[in-house]
Each structure stands twice: as structure tokens, then as C-alpha cells.
Amino acid sequence: MILGGGGLIAVGLGGKDGTSSLSPSSLIRGDSPSPKGSPSPTGPSPEELAKAERAKRVTQLTAALKKLDATSPEFSVAVLDKKTGQTYAYRGTVKYDTASIVKAQILACMLLHDQDAGHDPPSGEMALAKPMIRLSDNNAATSLFQHVGAKSGVTKCNKRLGLTATAVNSSWGLTRTTADDQIRLLSELVDTKGPLDADSRKTAFTLMNTVSEEQEWGIPSIAKSGETATVKNGWDTRSADGGLWAINTIGRVTTADGDVNVSVAVLSHDNKSMDSGVALVQQVAKLTRQYLKY
């Protein structure tokens, strides 16, 4: 303050002879020492605020999923936000039967098989890959599963894709996987530094973005206007499970500007019907978007 500074000059800064030890020019310039002001109060940094907000959202999402879990069949979910690098998982390491979501895995292995051979997928393979993904055709999946080496071939392929918790079954639909592994697979399908080259990534995207209308449930249900969704769904009922249903959905939601770039995998079993299972996995996916704000 001006008054404080003037007081210091008048009272405490004289020389031995009673004259000021400061030159007139310094007084004019205002070079006189000034008292140290009180330190400014410092709040949390923007990074700390963002971290706290993320932690709050995660806590709220987990609470919402636990509440749903108390009255529903068992499920798991994993989310990877490629824009931020953040992940979320609820029961992400618990294994479930894949049912038909394994067909995305088989597709990736087919594409790697052709890359290794130094050529694009032949027309005969694409004639199988298209109905396998778009229509979830089982016969096409069996043919491609055998073509890429069946259980041993897909197991080796999984290592290249980073799927460390997926156990391939000779009956491909009984392959066991985790939600965590499935978002790794989804990430590899688009990773420019991953094992799949640009043409293979484009093929996978095109097929998973053009599934038949009756199979546009699951992950596409959380896409907003102007966003793009890819998906592979899986459903199966077995007498060994008392006729109950395994219902799974994996896919990605993106925008052209990269503002949304998210992979989501929801796995479930013991659903009383296919319709109720579809409703469950869609509800779980919507909760992740509601709370994580992606």
C-alpha cells in the first residue's frame, strides 16, 4: 500500500547522519524496499480438481452398479476412454462365456493371418467374415475358426492381441473371457501402433459398423446423434445353465473430431430371457456413460 511504503521511508530508512540512504532518483522510481505481502492462499490445481471429480464419478458409478447388481443377474463391465487413457471396470477380471462376441476375436485373427501371408483377405474369406460379423452366422464363424488354426491358432493370436485372460475353447462359443480383455481387443482393433495394419483396422471397423438392424442393440444404444458405433453382440442359452441366457455386447462409440473415443464391454449370464439380458447390458452401458460423462 502507498501509505505503508511512505511510513517506512519516513521512519526507518535514514542514514547515520539522519539523511536518507536512498537516492532521490530511487525514491522517484519507487525502488524502496517493500514489506513482503501475506502469501496468497493457493487452492487445488486444475489437475487435482479433475482427479477428484473423476474419483467422485467412479465412486458414484460403482454404487449405481452395485445397486443394480443386487436385483439383477450377474454382469461385468469395462470401459476404456482412448481420449483420456482412463479405464474403469466392475468385475473386470471375472470370466464369462463369450458366446458370439468371440467372432470379433476370430475376425482379428483372420486379418492377422492374412497380413502374415502378405496379402489382403481373399474374397472367399470375406464371404465368410461378412455374415459372421453382420449376421452373427455360426457356420461362417466355424469355418474361419478352423481356417486360422482353431483353438491353438486363436490362442497364439490372442497373445499378439494382448488377451491374457481369455481361454479359447474348441467349441468357440464356450471360450471364456473377461470384460478387461475385451476392451483390450477393441483397443487393438483401432490401435495405429498395434499388430493390425491400416487395411485390417478398416475392415474390422466397416464390418462392426454395419451389423444387421436387428443386432443393433447393446453398445449402439448409448451412441448419441452424430456419433458412430461399432458392435459385436453375443447371446446363448444352454441346458447346462438351466436354459438361462448369456448376453454380451462389445463395441466402440466415437466422434469424427475425437472428442468421444470409448470402448465398452458388458458381459452377463443367468438372464431369464434374451430380451431381459439385452435390457440389462444396455442399462449397464448407459450407467457408465451417465456417470463417467464421456
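Just above, that's the structure.
Everything numeric in this text was worked out from a predicted model, so none of it was measured.

Draft legend 1. How the structure looks around the nonpolar core. Ranked by size, the top nonpolar core spans 69 residues in total, and within it Leu65, Val77, Leu107 and Val264 carry the most contacts. The element best represented in this core is helix α4 (residues 102-117), accounting for nine residues.

Draft legend 2. Expanded view of the pairing of strand β7 (residues 261-271). Counting buried residues along β7, nine of its 11 residues qualify, which places the element largely inside the surrounding structure. Here seven bridges tie strand β1 (residues 75-81) to β7, and the two strands are oriented antiparallel to one another. In the strand pairing of β7, Val77 is matched with Val266. As paired elements, strand β6 (residues 245-254) and β7 share nine bridges and run antiparallel to each other. Bridging across to β7, Val253 finds its partner in Val262. Joining the antiparallel neighbours β6 and β7 is a turn of six residues, in which Gly258 adopts a positive phi near 80°.

Draft legend 3. Here's a closer look at the environment of Ala99. Here Ala99 shows up in the loop between β3 (96-97) and α4. Taking the C-alpha atoms as reference points, Ala99 and Gly173, 74 residues apart in sequence, are found 4.3 Å from one another. Once residues lying within four places of it in the same chain are set aside, the contact partners of Ala99 are Trp172, Gly173, Gly234, Trp235, Asp236 and Asn248.

Draft legend 4. Representation of helix α3 (residues 46-69) within the structure. Between its first and last C-alpha, α3 extends 34 Å over 24 residues, near the 34 Å set by a 1.5 Å rise per residue. For α3, the secondary structure elements touched by its buried residues are β1, β2 (86-90) and α10 (274-292).

Rules used in this analysis
Residues numbered from 1 in each chain as written. Predicted model: local features only at pLDDT ≥ 70, side-chain atom pairs only at ≥ 80, totals over all residues. Heavy atoms only, no water. Core = buried A, V, L, I, M, F, W, Y, C linked by side-chain atoms within 4.5 Å. Buried < 20%, exposed > 50% of the residue type's maximum accessible area, 1.4 Å probe, protein only. Helix = DSSP H or I, 4+ residues; strand = E, 2+ residues; numbered from the N terminus. Pairing = 2+ DSSP bridges. Contact = heavy atoms within 4.5 Å. Expected span 1.5 Å × (residues − 1).

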